[in-house]
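Structure assessment
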Amino acid sequence: MIPTLKQTSRLPTRAQIDAVEHWVVVLRDSRTGLHWAKFPYAEVLEAPLARVRKDAPDAILTTDLANAKAGHVTLTALKSDIVAFDLLSRAGKLLAPHSGHKPAELGIAVLGFSPRQAERIAEAIISAALAAAADMPDYRSRAKERAPLEQLYLYGAAPRHRFARSIAESEGNALARELTALPPNELTPTIYRKRIMTLARESGWQAEFIGINQLQKKEAGAFLAVCQASPERDAGIMHLRYRPAAKSTDAGLALVGKGICYDTGGVNVKPARYMLGMHEDMEGSAVALGILLTLTRLKVRLPVDCWLAIATNHIGPGSYKPNDVVKAANGTSIEVIHSDAEGRMVLADTLVLASRAKPRLVIDFATLTGSCVQALGKAYSGVFTNQPGWWKRLIQAGIDSGERVWPFPLDEDYDQALESKIADVKQCSEAGEADHILGARFLGRFVEQGVPWIHVDLSSGNRKGGLAHIPTDTTGFGVRYTLNLLLDQKLL
Ligand SMILES: [Zn+2]
């Protein structure tokens, strides 16, 4: 559920504070000191805050107020120029002590900032509150009934900003995280397809599932190679269409996502340690879906197509195997090298279909390579593009949204490592060096000539302890980033 938000530029009175049990309070930390403004409980909070700040100026005070509700307060002081990632991280820490109590109501007070700064800080806290309140899969029989967060009270930020975008982004992120965290037996391709169909009906999207028979007609041999060991024949490409108006043109944004519901590695089977968590190999598709939901909620005037490559990378007598040669829908022949590089196989044909429609931009999301994690760790994701003029904006969107990315090269000479003696291209190199770059080079072959394309390798899709304001290991990384790219960096 989405909580209602009541807001005022005034500060709360003592009675208003006493009426709500859970509070997040942020003061401005400037050269002239901390700005308490006229906060009712300043006199009792000042000394303990000074104590925790003695060792670390960015420390958070967690305390209870001596009122009837024993109001639970988290308090910190922020510099007004704090960067987005640090701001969101701090917002997450301010929320963490409240989350355990599952509050139905939360008060937020932002003191001493300019209206613009106050909005930015409030935005981060609201996003953190919604991220913490999102329902995640929990099958424990003793799992607590969660009381939903119903009401946010915001003091100190002008009411002209309605935070609609933060709320929509949080909803998209929560959807991506929830789907990704579902156990593999609870999110098979069949269950996933049904869930998306329901979502499409609710959201007014046109939906078409391009199943195995149709993929055979389209000669999508790369996709079909991966799913040929699935006895269920449940794999396919989900195509969703959002059109803001009846007469919308088709040339808009195409979102593409890798949706491998479970990745055993195939005949090049993964060792046990690397098999755990492989139900999350569909996160790219969940992120694409989350972005589509966010854009729909915001009623953006941009036609959006979403293409989700949904399959399982099974092991079976029919599995595709190294040295197989298959042909993708655009006629490119591929020599299979490693069955665990299935993501680029299903994406190859999906990118062909997505880019054939000549969108103005294709963005694909995939938990594609371990080498991207090797290169960046899990705090950043990797980006690649065939539009070198976009580098600056791609990086800026990461800085401004707090979902940080770093670009990698996409030069043609990397293709030497993918030369095959028997096919147009090798699926990957045997050596495995720079696999995130080679993976991107491989995918680029399946994007139609002249179609601008961005590839996001989601190295930050899962990080122990969460990332920035996201408290779960599954981060749903990419929704905030892409919204910034589209709406703030104005890539389209
Ligand atoms: Zn794999």
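Our subject is the structure listed above.
The model shown is predicted, which means the values in this text are computed figures rather than measured ones.

Turning next to the overall build of the chain. Within the chain, the secondary structure is distributed over 15 helices and 18 strands. Taken over C-alpha atoms, the radius of gyration comes to 24 Å for the chain, in line with the 23 Å a tight globule of 492 residues would show. Relative to its 492 residues, the chain shows a buried fraction of 58%. For the chain, the accessible area works out to roughly 20,800 Å², and carbon and sulfur atoms hold 51% of it.

On to the environment of Val73. Relative to the helices and strands, Val73 resides in strand 5 (residues 72-78). Taking C-alpha positions, Val73 is 6.1 Å from His22, a pair spaced 51 residues apart along the chain. Excluding residues that lie within four positions of it along the chain, Val73 makes contacts with Trp23, Val25, Leu61, Thr62, Thr63, Leu65 and His98.

Our focus in this paragraph is the state of the cysteines. Put plainly, a disulfide is one covalent bond tying together the sulfur atoms of two cysteines. Evaluated as defined, the whole model comprises zero disulfides. You can see Cys372 has no disulfide; the closest cysteine sulfur is in Cys428, sitting 16 Å from it.

For the coordinates displayed, the defined rule picks out three aromatic pairs. Here Trp23 and Tyr155 contribute two aromatic rings whose centre-to-centre distance is 5.8 Å and whose plane-to-plane angle is 35°, an arrangement assigned as tilted. Highlighted residues: Trp23 in strand 2 (residues 22-30) and Tyr155 in strand 7 (residues 151-155), separated in sequence by 132 residues. When its relative accessible area of 8% is taken as the criterion, Tyr155 is described as buried. Summarising the aromatic geometry, the rings of Phe442 and Phe446 are spaced 5.1 Å apart at their centres and angled 50° between planes, so their arrangement reads as tilted. Overall, the relative accessible area of 1% leaves Phe446 in the buried class. Note that Arg14 overlies the ring of Tyr41, its terminal NZ or CZ placed 4.3 Å from the centroid. Between the NZ or CZ atom of Arg193 and the centre of the ring of Phe209, over which it lies, the distance is 5.2 Å.

With that settled, the discussion passes to the coordination of the zinc ion. Only Asp263 (OD), Asp340 (O), Asp340 (OD) and Glu342 (OE) from the protein coordinate the zinc ion, and they sit 2.0 to 2.2 Å from it. Each of the four donor atoms around the zinc ion contributes to a set of angles spanning 71 to 169°, which defines the coordination as irregular. In primary sequence terms, the donor set of the zinc ion follows D-x76-D-x1-E. Here the residue Asp263 occupies a position in strand 10 (residues 253-263), and Glu342 occupies one in helix 11 (residues 342-356), the gap between them amounting to 79 residues. Classification of Glu342 as buried rests on a relative accessible area of 0%.

Glancing now at the sheet that holds strand 13 (residues 333-335). Taken in spatial order, the three strands make up an open sheet running 12-13-17, and their pairing is mixed. A strand with exactly one partner marks an edge of an open sheet, and here the two such strands are strand 12 (325-327) and strand 17 (425-426). Here two bridges tie strand 13 to strand 17, and the two strands are oriented parallel to one another. For Ile334, the partnering residue across the bridge sits in strand 17 and is Val425.

Let us now look at the sheet that holds strand 9 (residues 236-242). Strand order in this open sheet of eight strands is 8-9-11-10-14-18-15-16, and the pairing throughout is mixed. Edge positions in the sheet fall to strand 8 (206-211) and strand 16 (405-407), since each of these pairs with one other strand and no more. Taking each pair of neighbouring strands and ignoring which way they run, the sheet shows an average axis angle of 20°. Across five bridges, the pairing between strand 10 and strand 14 (residues 361-366) is parallel. Residue pairing across strands places Val256 opposite Asp364, the latter belonging to strand 14. With respect to the sheet, helix 14 (residues 435-444) is in contact with strand 14, strand 15 (381-385) and strand 18 (453-457), its orientation differing from that of strand 18 by roughly 145°.

Once that is clear, we can look at the nonpolar core. Membership of the largest hydrophobic core comes to 52 residues, with the highest contact counts inside it found for Tyr192, Leu240, Leu255 and Leu289. Counting residues per element, this core draws most heavily on helix 10 (residues 283-297), at eight residues. When near neighbours in sequence (up to four residues on either side) are disregarded, Leu240 contacts Ile196, Ala200, Trp205, Gln206, Ala207, Leu289, Leu292, Val304, Asp305, Cys306 and Leu308. With 50 residues, the next largest nonpolar core counts Ile210, Ala220, Cys227 and Tyr320 among its residues.

For the rest of this paragraph, the subject is the layout of surface pockets. In this structure, the largest pocket spans a volume of roughly 1,300 Å³. Around the largest pocket, the lining comprises 40 residues; the ones closest to its centre are Lys270, Tyr274, Met278, Thr369 and Gly370. Where the lining of the largest pocket is concerned, the elements lending two or more residues are strand 10, helix 9 (272-275), helix 11 and helix 12 (370-376). When its residues are assigned to classes, the lining of the largest pocket shows 12 nonpolar, 14 polar and 14 charged.

For the rest of this paragraph, the subject is the pattern of salt bridges. Throughout the structure, instances matching the rule amount to 21 salt bridges. For Arg243, the salt bridge is made with Asp305, and the minimal N-O distance between the two is 2.8 Å. Of this pair, Arg243 sits in the loop between strand 9 and strand 10 while Asp305 sits in strand 11 (residues 304-313), and the two are 62 residues apart along the sequence. As far as the burial class goes, Arg243 and Asp305 line up, both buried. One salt bridge in this structure joins Lys358 and Glu448, with 3.8 Å as the shortest N-O distance. One end of the pair, Lys358, is in the loop between helix 11 and strand 14; the other, Glu448, is in the loop between helix 14 and strand 18, with 90 residues separating them in the sequence. By relative accessible area, Lys358 is classed as partly exposed at 44%. On the basis of relative accessible area, Glu448 is assigned to the partly exposed category, the value being 26%.

Quick notes on the rules
- Residues numbered from 1 in each chain as written.
- Predicted model: local features only at pLDDT ≥ 70, side-chain atom pairs only at ≥ 80, totals over all residues.
- Heavy atoms only, no water.
- Helix = DSSP H or I, 4+ residues; strand = E, 2+ residues; numbered from the N terminus.
- Rg over C-alpha atoms; globule rule 2.2 N^0.38 Å.
- Buried < 20%, exposed > 50% of the residue type's maximum accessible area, 1.4 Å probe, protein only.
- Areas by Shrake-Rupley, 256 points an atom, 1.4 Å probe, with all protein chains shown as cover.
- Contact = heavy atoms within 4.5 Å.
- Disulfide = S-S within 2.5 Å.
- Phe/Tyr/Trp six-rings, centres within 6.5 Å; stacked < 30°, edge-to-face > 60°.
- Lys NZ or Arg CZ within 6 Å of the ring centre and 35° of its normal.
- Donors = N, O, S within 2.8 Å, 3.2 Å for Na, K, Ca; no water.
- Tetrahedral: all angles 85-135°; square planar, octahedral: opposite > 155°, others 65-115°.
- Pairing = 2+ DSSP bridges.
- Axes fitted to C-alpha atoms, helices over the stretch in contact; angles between N-to-C directions.
- Core = buried A, V, L, I, M, F, W, Y, C linked by side-chain atoms within 4.5 Å.
- 1 Å grid on protein atoms, 1.4 Å probe; cavity = no way out; pocket = protein on both sides within 12 Å on 5 of 7 lines; lining within 4 Å.
- Points joined across faces, edges and corners; volume = space filled by probe spheres on them.
- Nonpolar A, V, L, I, M, F, W, Y, C, P; charged D, E, K, R; others polar.
- Salt bridge = Lys/Arg side-chain N within 4 Å of Asp/Glu carboxyl O.

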